[in-house]
Amino acid sequence: GVSGIDHITRFDTNGFSSKIAGEVKDFEPDKYIEKKEIKRLDRFTQFAVSASKMAIEDAKLNLNDTDPNRAGVIVGSGIGGSETWEQQHINLVKKGPRRVSPFFVPMIISNMASGQVSMAFNLKGPNFTVVTACASGTNAIGEAFRVLQDDKADLMIAGGTEAPLTQLSLAGFCSMRALSTRNDDPTKASRPFDKERDGFVMGEGAGIVVMETLENALKRNAHIYAEIVGYGSTADAYHLTQPAPGGEGAARAMNLAINDADLKPEEINYINAHGTSTTLNDEYETLAIKRVFGEYAYKVPISSIKSMTGHLMGASGAIELITCVLTILNNKIPPTINYEYSDPKCDLYYVPNKSINKTVNVALSNSMGFGGHNACIVLKKYEDKENKTK
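Anyway, here's the lowdown on the structure attached to this text. As the structure is a prediction and not an experimental result, all values here were calculated from the model.

Some remarks on the side chain of His311
Mapped onto the elements of the fold, His311 is located in the loop between α11 (306-309) and α12 (316-330). Residue His311 is classed as buried on the basis of its relative accessible area of 3%. Engagement of the side chain of His311 in a polar contact is seen with the backbone nitrogen of Met313, the distance being 3.0 Å. With residues up to four places along the chain from it excluded, the contact list for His311 reads Cys134, Phe200, Val201, Met202, Gly203, His274, Thr276, Lys306 and Ser316.

Structure below.
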């Protein structure tokens, strides 16, 4: 219930219409990466490698006991190395082509996050990057789910990463008028589903999970947080930036994920919404939920943690999936903060302002991206192996 949004400190925001973001503050990459390597990695890759190390340690993975050929990496990123692009372009203009770093290309390409994670931990299985804008993290985890289901690997490191807080990126989103300009009160700027919402707030960071087949997890006596049981992905085929009218594409993705999980909509206990705090997204996502859930849409708790974190773009779906896992573990649903003025077009239960205690056995995580990309994942409380039938 606490906002992490503040004024941008990474560069001077004078002249920008939006001056606020969800920055990762006090990040020390040398805690996770060798110092000589740090300068060769864009910030988005530093985030991915660091979060992967945290996840591997949390999973108590002994990589010496892991077959590297059966362990892969899929990390999504919507933008890639934007900070490096910007810095090296300045070098080109001011100092000439000879002053462009030889690491420029390997630092900017979006696949380098998954590539560097594989190199850091000797993971030689399926390895690729999903670039579906703000759905990237969810698609990456969903595709890792498919890799495991298809028996192409026993273990996957998956998630999303983004470090878009640069002058050029901010200027571009400002020009689109996509961002909140509530600069005088940053903590109240991101307000999904609220009538007074005026745009999203940029964020940065990474979310990484360790995914395994049940057989592999049980064999090594892993602590299982939850299980992924459904995944759906669709295209709006409609517009560069606007969602399809009525949330039609998002609704199809939700239905696919729920059907893939062999569940009924009424069995979903919580929806982590994409909820960007933009006018059309929040309205159309609400309509999409109504399409899928009918009258139950008015009963199921829905919340957007972007009200607190800002929008991490390609990383958002990954940290939001982790949030869903935590709701299942703790039976506590996070709020949508800054919900002050009800919008007749957004009339569902968005868990306003305060978290609630509620049993969550099944959660749905929604992500939508520019270009009309929709991705949804269903997670379920894990039942111990004695209760497993398959």
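Here's the deal with the packing of aromatic side chains
Within this structure, the stated rule accounts for eight aromatic pairs. Ring geometry for Phe193 and Tyr350: centres 4.0 Å apart, planes at 5 degrees, overall stacked. On the criterion of sequence distance, the pair formed by Phe193 in the loop between α7 (167-175) and β6 (205-212) and Tyr350 in the loop between β10 (332-333) and β11 (356-357) is long-range, its members being 157 residues apart. As far as burial versus exposure is concerned, Phe193 and Tyr350 are alike and both buried. Three or more aromatic residues joined by ring pairs form one cluster here, namely Phe173, Phe200 and Phe370.

A few points about the environment of Gly160
Relative to the elements of secondary structure, Gly160 occurs in strand β5 (residues 155-162). When the C-alpha positions of Gly160 and Ile74 are compared, they lie 8.4 Å apart, and in sequence the two are 86 residues distant. Apart from residues lying up to four places away in sequence, Gly160 is in contact with Val75, Gly76, Gly137, Gly205, Ala206, Gly207, Ile208, Gly314, Ala315 and Ala318.

Structural notes on the sheet that holds strand β4 (residues 127-128)
Here we have four strands laid out as an open sheet, ordered β4-β3-β5-β6, and mixed in their pairing. On the outer flanks of this sheet lie β4 and β6, each paired with one strand and no other. Pairing analysis gives six bridges linking strand β3 (residues 71-76) to β5, with the strands arranged parallel. Pairing of Gly76 across the sheet is with Gly160, part of β5.

A short note on the pattern of salt bridges
Here the idea is simple: oppositely charged side chains can pair when their charged atoms come close. Counting across every chain of the model gives 16 salt bridges. Glu37 is paired through a salt bridge with Arg40; the nearest N and O atoms lie 4.0 Å apart. Overall, Arg40 belongs to the partly exposed group, its relative accessible area being 39%. Between Glu340 and Lys188 there is a salt bridge whose closest N-O contact spans 4.0 Å. Residue Glu340 is located in the loop between β10 and β11, and its partner Lys188 is located in the loop between α7 and β6; the two are separated by 152 residues in the primary sequence. Through salt bridges with shared partners, a single ionic network connects Lys188, Arg191, Asp194 and Glu340.

Considering the pairing of β3
Counting buried residues in β3 gives six out of six residues, a clear majority hidden from the surface. A two-sided burial pattern is seen for β3, the buried positions comprising Ala71, Val73 and Val75 on one face and Gly72, Ile74 and Gly76 on the other. Where β3 and β4 come together, two bridges link them in parallel fashion. Counted as the bridge partner of Ile74 is Phe128 from β4.

A short note on a nonpolar patch on the surface
A contiguous nonpolar surface patch, about 240 Å² in accessible area, is contributed by Tyr225, Leu326 and Leu329. Along the chain, Leu326 falls in helix α12.

Observations concerning the environment of Leu148
If you trace the backbone, Leu148 turns up in helix α6 (residues 136-149). A relative accessible area of 12% means that Leu148 is categorised as buried. On a C-alpha basis, the gap between Leu148 and Arg70 in space is 9.7 Å, while along the polypeptide they are 78 residues apart. Filtering out sequence-adjacent residues up to four positions away, Leu148 remains in contact with Ala153, Asp154, Leu155, Met156, Met211, Glu212 and Thr213.

Parameters and conventions
Residues numbered from 1 in each chain as written. Predicted model: local features only at pLDDT ≥ 70, side-chain atom pairs only at ≥ 80, totals over all residues. Heavy atoms only, no water. Helix = DSSP H or I, 4+ residues; strand = E, 2+ residues; numbered from the N terminus. Buried < 20%, exposed > 50% of the residue type's maximum accessible area, 1.4 Å probe, protein only. Polar contact = N/O pair within 3.5 Å; in protein donor to acceptor, adjacent residues only side chain to side chain. Contact = heavy atoms within 4.5 Å. Phe/Tyr/Trp six-rings, centres within 6.5 Å; stacked < 30°, edge-to-face > 60°. Pairing = 2+ DSSP bridges. Salt bridge = Lys/Arg side-chain N within 4 Å of Asp/Glu carboxyl O. Patch = residues over 30% accessible without salt bridge, like charges linked within 9 Å, V, L, I, M, F, W, Y side chains within 5 Å. Areas by Shrake-Rupley, 256 points an atom, 1.4 Å probe, with all protein chains shown as cover.

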